[in-house]
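Inside the fold
Residues per chain, in single letters:
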There are 2 protein chains.
Amino acid sequence: MKAHVYVTLKTSVLDPQGQTIQNALHKIGFAQVDAVRQGKYFTLSLAPGLTAEAARDQVERIARDVLTNPVIEEYTYCLED
Amino acid sequence: MKAHVYVTLKTSVLDPQGQTIQNALHKIGFAQVDAVRQGKYFTLSLAPGLTAEAARDQVERIARDVLTNPVIEEYTYCLED
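Now for a look at the structure at hand. Since we're looking at a predicted model, the values are computed, not measured.

1. Thoughts on the environment of Val 71 of chain A
Within the secondary structure, Val 71 of chain A sits in the loop between helix H2 (52-67) and strand S3 (73-80). Remark: the alpha-carbon pair of Val 71 of chain A and Ile 21 of chain A, spanning 50 residues in sequence, is separated by 24 Å.

In structure tokens form, the structure reads like this:
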């Protein structure tokens, strides 16, 4: 089973890296990009035999406690068989 | 319209950062995580009025030419209204 975890900056937090990418895109002609936000993406491979419920519980705890800084970031995740 | 772009290391490329996260997870008790791979995640906000086809074309070129290092990375993306 695999889990995909997406960690992004909260919308209230400035994203200078995304802003820099947007500026670069404008300079090379992609004027229709209004904003860019950058985040992190993790793929976790889980041991076979975990139930969906146990997997969800583990991934939730890993995303919340390890992969995300709750002061400035938020996360979403999805599971895939 | 929004585009979500996911950039990951090719599976043939070692991911020491993901390996470090996996080791850390094992040390704190998440023994059922067999592997971790880390990638980048971008959200692009596109100007209203772009057709779906034009948006797809722009995002494809941005992902391929700007956001991805084709030697070691690959990308996927999806569009959202």
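2. Some thoughts on the pattern of salt bridges
Pairs can form between side chains of opposite charge once their charged atoms are near each other. Residues and elements named next belong to chain A. On inspection of all chains with the given rule, the structure shows 6 salt bridges over all chains. Across the salt bridge formed by Arg 61 and Asp 57, the nearest N and O atoms sit 3.7 Å from each other. Highlighted residues: Arg 61 and Asp 57, both in helix H2, separated by 4 residues, approximately one helical turn. Under the relative-accessibility criterion, Arg 61 is labelled partly exposed at 32%. Given a relative accessible area of 41%, Asp 57 falls into the partly exposed group.

3. Brief notes about the environment of Asp 81 of chain A
Residue and element names in this part refer to chain A. As for its placement among the helices and strands, Asp 81 is situated in the segment after S3. In this structure Asp 81 comes out as exposed when scored by relative accessible area, which is 83%. For the pair Asp 81 and Asn 69, spaced 12 residues apart in sequence, the C-alpha to C-alpha distance is 27 Å.

4. Let's talk about the packing of aromatic side chains
Tallying each qualifying case throughout the model produces 7 aromatic pairs over all chains. Aromatic side chains Tyr 6 of chain A and Tyr 41 of chain B sit 5.6 Å apart centroid to centroid with 55° between the ring planes, which places their arrangement in the tilted category. Of this pair, Tyr 6 of chain A sits in strand S1 (residues 2-9) while Tyr 41 of chain B is found in strand S2 (residues 33-46), placing the two residues in two different chains. A relative accessible area of 9% places Tyr 41 of chain B in the buried class. Relative to Tyr 41 of chain B, the ring of Tyr 6 of chain B has its centre 5.3 Å away and its plane inclined at 10°; by these criteria the two rings are stacked. Taken together, the residues Tyr 6 of chain B in strand S1 (residues 2-9) and Tyr 41 of chain B in strand S2 connect sequence positions 35 residues apart. The pair Tyr 6 of chain B / Tyr 41 of chain B is uniform in exposure class, with both members buried. Joined through ring pairs, the aromatic side chains of Tyr 6 and Tyr 41 of chain A together with Tyr 6 and Tyr 41 of chain B make up one cluster.

5. Remarks on the interface of chain A and chain B
The interface of chain A with chain B comprises 29 residues on the first partner and 29 residues on the second. Where chain A abuts chain B, roughly 2,600 Å² becomes buried across the two surfaces, and 66% of that area is made up of carbon and sulfur atoms. Its largest share of buried area at the contact with chain B, chain A owes to Phe 30, Gln 32 and Tyr 41 of chain A, together 24% of the area lost on that side. Where chain A touches chain B, the interface holds 12 residue pairs in polar contact (both at pLDDT 80 or more). Contributing elements (two or more residues each) for the side of chain A that touches chain B: S1, helix H1 (16-27), strand S2 (33-46) and H2 of chain A. Here the residues of the side of chain A that touches chain B are counted per class, giving 18 nonpolar, 7 polar and 4 charged. Of the strand pairs in this sheet, S2 of chain A and S2 of chain B are connected by 13 bridges, and their pairing is antiparallel. Considered in S2 of chain B, the bridge of Arg 37 of chain A is made with Thr 43 of chain B.

6. Brief notes about the relation of the copies chain A and chain B
Once chain A is rotated about the relating axis by 180° and shifted along it by 0.0 Å, it coincides with chain B to within an RMSD of 0.0 Å. Expressed as a symmetry operation, the mapping of one chain copy onto the other fits a two-fold axis. Minimal C-alpha separation from the rotation axis in chain A is found for Lys 40 of chain A, amounting to 2.4 Å. Comparing contact sets, 100% of the residues at the interface of chain A also lie at the interface in chain B, consistent with an isologous, same-surface contact.

Analysis parameters
Residues numbered from 1 in each chain as written. Chains lettered and ligands numbered in written order. Predicted model: local features only at pLDDT ≥ 70, side-chain atom pairs only at ≥ 80, totals over all residues. Heavy atoms only, no water. Helix = DSSP H or I, 4+ residues; strand = E, 2+ residues; numbered from the N terminus. Salt bridge = Lys/Arg side-chain N within 4 Å of Asp/Glu carboxyl O. Buried < 20%, exposed > 50% of the residue type's maximum accessible area, 1.4 Å probe, protein only. Phe/Tyr/Trp six-rings, centres within 6.5 Å; stacked < 30°, edge-to-face > 60°. Contact = heavy atoms within 4.5 Å. Buried area = accessible area lost by both parts, 1.4 Å probe. Polar contact = N/O pair within 3.5 Å; in protein donor to acceptor, adjacent residues only side chain to side chain. Nonpolar A, V, L, I, M, F, W, Y, C, P; charged D, E, K, R; others polar. Pairing = 2+ DSSP bridges. Least-squares fit on C-alpha atoms with pLDDT ≥ 70 in both.

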